[in-house]
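What follows is each chain in one-letter form.
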Amino acid sequence: MTQYMFMLFDDESWHEATESDWMEGMQAHRAFAEAVAAAGATVLDANALEHTRTATTVRNPGGSEGPLTTDGPFIETKEAIGGYYVIEARDLDQALELAATCPSPIVEVRPVLDTSGNADTRGA
């Protein structure tokens, strides 16, 4: 089994959702987690993220100037990463099938790089 990060992109209007809309969204995510388990995969971790206005970006160009810290992500986009799942799936095909059922409108799927051993597994 391989681990995959599902990064969930959406506009941030859900931060202003009514309580009933919020509960409906959370139920959709619970149903997704149940569907993942029913497919024989595993949700290893998942969280929603606070609004991007709470973000801080640290850029570390190296050299003597040290890191630069700024408020916000400063990305010119209407969508932001609103949450994530880490899922253990049989293979990429299964991960993509599961991502297609996720209640987020945009899901970026990436294999998690195994850095536990000495072998170079990049791009494997």
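Bear in mind that the values here come from a model prediction, so they are computed numbers and not experimental data.

Conventions we followed
Residues numbered from 1 in each chain as written. Predicted model: local features only at pLDDT ≥ 70, side-chain atom pairs only at ≥ 80, totals over all residues. Heavy atoms only, no water. Helix = DSSP H or I, 4+ residues; strand = E, 2+ residues; numbered from the N terminus. Buried < 20%, exposed > 50% of the residue type's maximum accessible area, 1.4 Å probe, protein only. Contact = heavy atoms within 4.5 Å. Areas by Shrake-Rupley, 256 points an atom, 1.4 Å probe, with all protein chains shown as cover. Salt bridge = Lys/Arg side-chain N within 4 Å of Asp/Glu carboxyl O. Arc of directions from axis to C-beta. Polar contact = N/O pair within 3.5 Å; in protein donor to acceptor, adjacent residues only side chain to side chain. Lys, Arg positive; Asp, Glu negative; His and termini not counted. Core = buried A, V, L, I, M, F, W, Y, C linked by side-chain atoms within 4.5 Å. 1 Å grid on protein atoms, 1.4 Å probe; cavity = no way out; pocket = protein on both sides within 12 Å on 5 of 7 lines; lining within 4 Å. Points joined across faces, edges and corners; volume = space filled by probe spheres on them. Nonpolar A, V, L, I, M, F, W, Y, C, P; charged D, E, K, R; others polar.

Time to look at the overall build of the protein chain. When you go through the protein chain residue by residue, the secondary structure sums to two helices and six strands. For the protein chain, the α and β elements follow one another from N to C terminus as β-α-β-β-β-β-α-β. By residue count, 22% of the 124 residues in the protein chain fall in the buried class. A fraction of 77% describes how many contacts in the protein chain between residues 6 or more apart in sequence connect residues 24 or more apart. Working note: accessible area of the protein chain is about 8,600 Å², and carbon and sulfur atoms make up 52% of it.

Inspection of the entire model under this criterion finds two salt bridges. Of the charged contacts, one joins E16 and R53 as a salt bridge, the two residues approaching to 3.8 Å between their closest N and O atoms. You can see E16 sitting in the loop between β1 (2–10) and α1 (19–38) and its partner R53 sitting in the loop between β2 (42–48) and β3 (56–59), a full 37 residues away along the chain. On the basis of relative accessibility, which here comes to 53%, the residue E16 falls in the exposed class. Taking relative accessible area as the criterion, R53 reaches 61% and is therefore assigned exposed. Between E108 and R110 there is a salt bridge whose closest N-O contact spans 2.7 Å.

This brings us to helix α2 (residues 92–99). Buried residues of α2: Q94, A95, L98 and A99, and no others. Taken end-on, α2 shows its buried residues confined to a sector of 140°, consistent with a single buried face. Exposed residues lying more than 90 degrees from the buried face of α2 are D93 and E97. The elements touched by buried residues of α2 are β1, α1, β5 (80–89) and β6 (106–111). In this structure D91 caps α2, since a side-chain oxygen of it lies 3.2 Å from the backbone nitrogen of D93.

With respect to the helices and strands, E12 occurs in the loop between β1 and α1. For the buried E12, which has no salt bridge, the nearest side chain bearing the opposite charge is R53, at an N-O separation of 6.6 Å.

Moving on to the environment of P61. Tracing the sequence through the fold places P61 in the loop between β3 and β4 (68–71). Apart from residues lying up to four places away in sequence, P61 is in contact with G66 and P67.

Now for the nonpolar core. Counting residues in each nonpolar core, the largest one holds 14 residues, and the members touching the most others are F6, F32, Y85 and I87. Those residues in contact with Y85 that lie beyond four places of it in its chain are Y4, M5, F6, L8, H29, F32, V43, D45, A46 and C102.

Quick look at the layout of surface pockets now. There is about 460 Å³ of room inside the largest pocket. Lining the largest pocket are 21 residues, with L8, W14, G25, M26 and H29 sitting closest to its centre. Listing elements by their share of the lining of the largest pocket, those giving two or more residues are β1, α1, β2 and β5. A per-element tally of the lining of the largest pocket places α1 first, with seven residues. Looking at the lining of the largest pocket, its residues break down into 12 nonpolar, six polar and three charged.

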